[in-house]
Structures are given as C-alpha cells and as structure tokens.
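Okay, here's what each chain looks like letter by letter:
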Amino acid sequence: MSQTGTYSLMVHGGAGALDNVKDEKTAVRYLESIRSVLEHGREILELGGSALQAAETCASLLEDDPVFNAGCGSVLNENGKVEMDAAIMDGRDLSAGAVAGVENIANPIQLARLVMSESEHVMLIGEGAMRFADHCGMERVPESYFLTPDRIAQLEEARLKHKIMLDHDSTEEDTEDQKYGTIGAIARDPQGNLAAATSTGGIVNKRMGRVGDSPIIGAGVYADNETCAVSATGYGEDFMRSVLCKTIADFISMKGMDAEAATKAGIEYFHRKLKGRGGVITIGQDGKCSSAFTTKKMIHGWIEHGAETHARF
Ligand code: GLY
C-alpha cells in the first residue's frame, strides 16, 4: 500500500544504561517530554509544514528541556564551559548546515539551519559560527543559562575521577554502557520529503575544542529522499569512525535493503567493527520507522504514518 499521503516522525534523547532513570517518576518525566515533542511535530505536519520544519522544531524543543544533553541541558567541558554541536539536513536536495563548538546559543539547531539557508557553507565552528549568529541577529544567552547545579556537580565528579565522563554517568563504578546524551529528530512529510536534525553538548569534561559526531554529515545525521533520514546518539568517536548514518543510507541504495534491515545491519556493523556504543533512529522513504542500539536502552519515540504516538526506552 502506498503511504505517500502520510507523515512520520521520530525523536531520541540519548542512549545508554540510563542508570539515572531509576524510579518511575524520572522515567515518566522523560517519556512525557518525548510524547509532548512528538505531538508538537504532529501538529506541524498536519498543518502542512515540511519535514524540515518538523525536525527543526522538535530538535529545538528537546534543546529547551534541561533533562536532555543539548541546548540548555548541555554538559560542561574541562573548563566548565558549554561547547555545543548541531546539524540539520534536508533530504530533498542534500542541503545541510552544521555548527560545532558554539557557546551562548540557546538553540544550536536553529543556527545550523541558518548556516544551511543563509550561508554558502555547510559547517561553521567556534568564533566564526558565533559571528555568523550575530550577523543573523541570533540572541546570545548568558552562561548562567547552562550552568545548572547538576551540571557543575557532574563536572566536579568527572574531574575528581580524572576522566572524561559521559552524560548521566553513574556515581557508582563505571558500567559498560552509560548514558550518551544527544538529541535528534527526523521526519517524513506527506509529500515524501525527509529531514534529520541532531544536537548535543557532547561529553562531560571533554577537551576544549573536541567535536563529536552530531555535526558531521553522514556520521551523526543524514537525510536523502531516495533512501532515509537518520539521527544518531552515542559515543561520537564511534559514529565518526563508522560514518554510520551514511552507511545505513548506503545499505539501502547499494544493497537494496529496506530501511529497517539497513538500520539493523548498520548497528551490527557498528558493533562488529568498533564495539560501538549508541543507537540510531531511521525513517525510510516509505515512512516506516525503525531504531536499533547497542546500549541497554535508548530514549526514543515515534509516530508512524500519522498513527498513534509511542515513547519508550
Ligand atoms: N554523540 C554526541 C557526542 O559524542 O558528542
């Protein structure tokens, strides 16, 4: 059956053991946020908005929720500062925009969108990205917007342990897989257009200047109307080395797999080659929603072909 006239939407909010989600109240808090973001996205798509608009808006809403490691909830680097990465891609024409190492910006995904639409480049970093934000009239927010007591305590703990810590690491002994925070949103509109957006604060106590997979087209984000839209969450270096989002798209175009099989095959490759840590969400050309992860859990949700909203770990 053709699904041309329907829309689909998926979001994620991090992958890992999720040791911090120990009680029912915390679990409900995460799942309610995922559901609420999906309902906003549904409204956009039902009112005729594009996949790109839906992906950008859903990613912005996740950046605005402090429980997720992106935007206002971003983790702190070794200097106690926030340095954020984000990217967005339009599957209609493979146009893309990305920013890396940006500070004092409430919604890096919106800056990435401006790089895509208002500049001749794909990626801007650091001071150059900030100057471009000023040029576009984007407001800067103070550091206090990001410096929550929880994030400061998390950095202190990482410093004491002399290690790079992943978001929401357990205070107990390190477990095999922790929570790797990133947010992502992907969409297919009723016209069959695909779009993907990914945004993150990275990892706790990371070196100043470290850039992860989220702003790297093909590694942490990818969208092409001919194949799929994908967003990744997990240990960035693993996704950069496997170029996982593009690998999944290639499995569709070159191996003739459907998006679900390609997602599964991509995650198997990620695990086999690198013991990669994390997961992906994928929407195929036909609007089918898939996900796969190597961690114990991944916070995600979806609306497939305009049907009911799902949210789960
Ligand atoms: N996946 C986000 C990061 O590693 O920065």
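Here, the structure is the one placed above.
Everything numeric in this text was worked out from a predicted model, so none of it was measured.

So, about the sheet that holds strand E8 (residues 228-234). Across a sheet, paired strands are connected by hydrogen bonds in the backbone, their directions being either parallel or antiparallel. One open sheet holds the four strands; their spatial order is E7-E8-E9-E10, and the pairing between them is antiparallel. Both outer strands of the open sheet, strand E7 (221-224) and strand E10 (289-293), are each paired with one neighbouring strand and no more. Taking the axes of each pair of neighbouring strands and ignoring which way they run, one obtains an average angle of 10° across the sheet. For E8 and strand E9 (residues 278-284), the ladder comprises seven bridges, and the chain directions are antiparallel. Looking at E9, one finds that Val230 is bridged to Thr282.

Moving on: helix H7 (residues 244-255). Helix length check: H7 (12 residues) gives 15 Å between terminal C-alpha atoms against 16 Å at 1.5 Å per residue, within 8%. Among all positions of H7, only Leu244, Cys245, Thr247, Ile248, Ala249, Phe251 and Ile252 are buried. Elements that come into contact with the buried residues of H7 comprise E7, E8, helix H6 (236-242), helix H8 (259-274) and E9. Count one or two residues on from H7 and you reach Gly256, which has phi positive near 70°.

Moving on, we get to unusual backbone geometry. Even without being glycine, Leu94 reaches a positive phi, approximately 60°. Within the secondary structure layout, Leu94 lies in the loop between strand E2 (84-90) and strand E3 (95-102). A relative accessible area of 42% means that Leu94 is categorised as partly exposed.

As a rule of thumb, soluble globular proteins bury nonpolar side chains together. Of all hydrophobic cores here, the largest spans 56 residues; its most connected members are Leu9, Val11, Ile34 and Leu111. For Ile34, the contacting residues outside a window of four places in its chain are Val11, His12, Gly13, Leu62, Phe68, Ile299, His300, Gly301 and Ala311. Formed by 35 residues, the second largest nonpolar core is a distinct cluster that contains Ala87, Ala249, Phe270 and Cys289.

This brings us to the sheet that holds E3. The eight strands are arranged E4-E3-E2-E6-E5-E1-E11-E12 in an open sheet whose pairing can be described as mixed. What marks the edges here is a single partner per strand, and that holds for strand E4 (123-125) and strand E12 (309-312). Between one strand axis and the next, the sheet turns by 5° as a mean value, whatever way the strands run. As judged from the four bridges shared by strand E11 (residues 297-303) and E12, these two strands associate in the antiparallel manner. Looking at E12, one finds that Gly301 is bridged to Ala311. Here helix H1 (residues 24-46) sits on the sheet and contacts strand E1 (8-16), strand E5 (183-188), E11 and E12; the angle it forms with E1, its principal contact strand, is near 155°.

Here the focus is the packing of helix H2 (residues 51-63) against helix H3 (residues 108-118). Helix-helix packing is described using two parameters, namely the angle between the two axes and the distance between the axes. Running from amino to carboxyl end, H2 crosses H3 at an angle of 150°, the nearest separation of the two axes being 8 Å. Comparing their axes, H3 and H2 come out roughly antiparallel. Facing H2, whose interface residues are Leu52, Glu56, Ala59, Ser60 and Glu63, H3 presents Pro108, Ile109, Gln110, Arg113 and Met116. For the contact of H2 with H3, the class distribution of residues is five nonpolar, two polar and three charged.

For the structure shown, the criterion picks out zero disulfides. The thiol sulfur of Cys72 is not disulfide-bonded, and the nearest other cysteine sulfur, from Cys58, lies at 16 Å. Judged by its relative accessible area of 9%, Cys72 is buried.

On to the packing of aromatic side chains, then. For the structure on display, the rule yields four aromatic pairs. Ring geometry for Tyr145 and Phe146: centres 5.0 Å apart, planes at 90°, overall edge-to-face. Exposure remark for Tyr145: the relative accessible area of 31% places this residue in the partly exposed category. Three or more aromatic residues link up through ring pairs in this structure, and these residues are Tyr30, Phe68 and Phe313.

The next point concerns empty space enclosed by the protein. Inspection of the entire model under this criterion finds two cavities of 30 Å³ or more. Each pocket or cavity is described by its volume, and for the second largest cavity that value is around 70 Å³. As for the second largest cavity, its lining consists of Gly80, Lys81, Val82, Glu103, Asn104, Glu143, Phe146 and Leu147. Among the residues forming the lining of the second largest cavity, the class breakdown is three nonpolar, two polar and three charged.

In the vicinity of the ligand, the residues found are Thr182, Thr200, Gly202, Arg210, Gly212, Asp213, Ser214, Gly234 and Gly236. Here a nitrogen atom of the ligand and a side-chain polar atom of Thr182 are 3.0 Å apart. Asp213 has a polar side-chain atom sitting 2.7 Å from a nitrogen atom of the ligand. Taken by itself the ligand offers 200 Å² of open surface, and the protein chains cover 99% of this. Taken together, the residues of the shell around the ligand sort by class into no nonpolar, seven polar and two charged.

About the criteria used
Residues numbered from 1 in each chain as written. Predicted model: local features only at pLDDT ≥ 70, side-chain atom pairs only at ≥ 80, totals over all residues. Heavy atoms only, no water. Pairing = 2+ DSSP bridges. Helix = DSSP H or I, 4+ residues; strand = E, 2+ residues; numbered from the N terminus. Axes fitted to C-alpha atoms, helices over the stretch in contact; angles between N-to-C directions. Expected span 1.5 Å × (residues − 1). Buried < 20%, exposed > 50% of the residue type's maximum accessible area, 1.4 Å probe, protein only. Contact = heavy atoms within 4.5 Å. Core = buried A, V, L, I, M, F, W, Y, C linked by side-chain atoms within 4.5 Å. Parallel < 35°, antiparallel > 145°, perpendicular 65-115°, else oblique. Nonpolar A, V, L, I, M, F, W, Y, C, P; charged D, E, K, R; others polar. Disulfide = S-S within 2.5 Å. Phe/Tyr/Trp six-rings, centres within 6.5 Å; stacked < 30°, edge-to-face > 60°. 1 Å grid on protein atoms, 1.4 Å probe; cavity = no way out; pocket = protein on both sides within 12 Å on 5 of 7 lines; lining within 4 Å. Points joined across faces, edges and corners; volume = space filled by probe spheres on them. Near = heavy atom within 4 Å. Polar contact = N/O pair within 3.5 Å; in protein donor to acceptor, adjacent residues only side chain to side chain. Areas by Shrake-Rupley, 256 points an atom, 1.4 Å probe, with all protein chains shown as cover.

Purely geometric stuff here, so don't read any function into it on its own.
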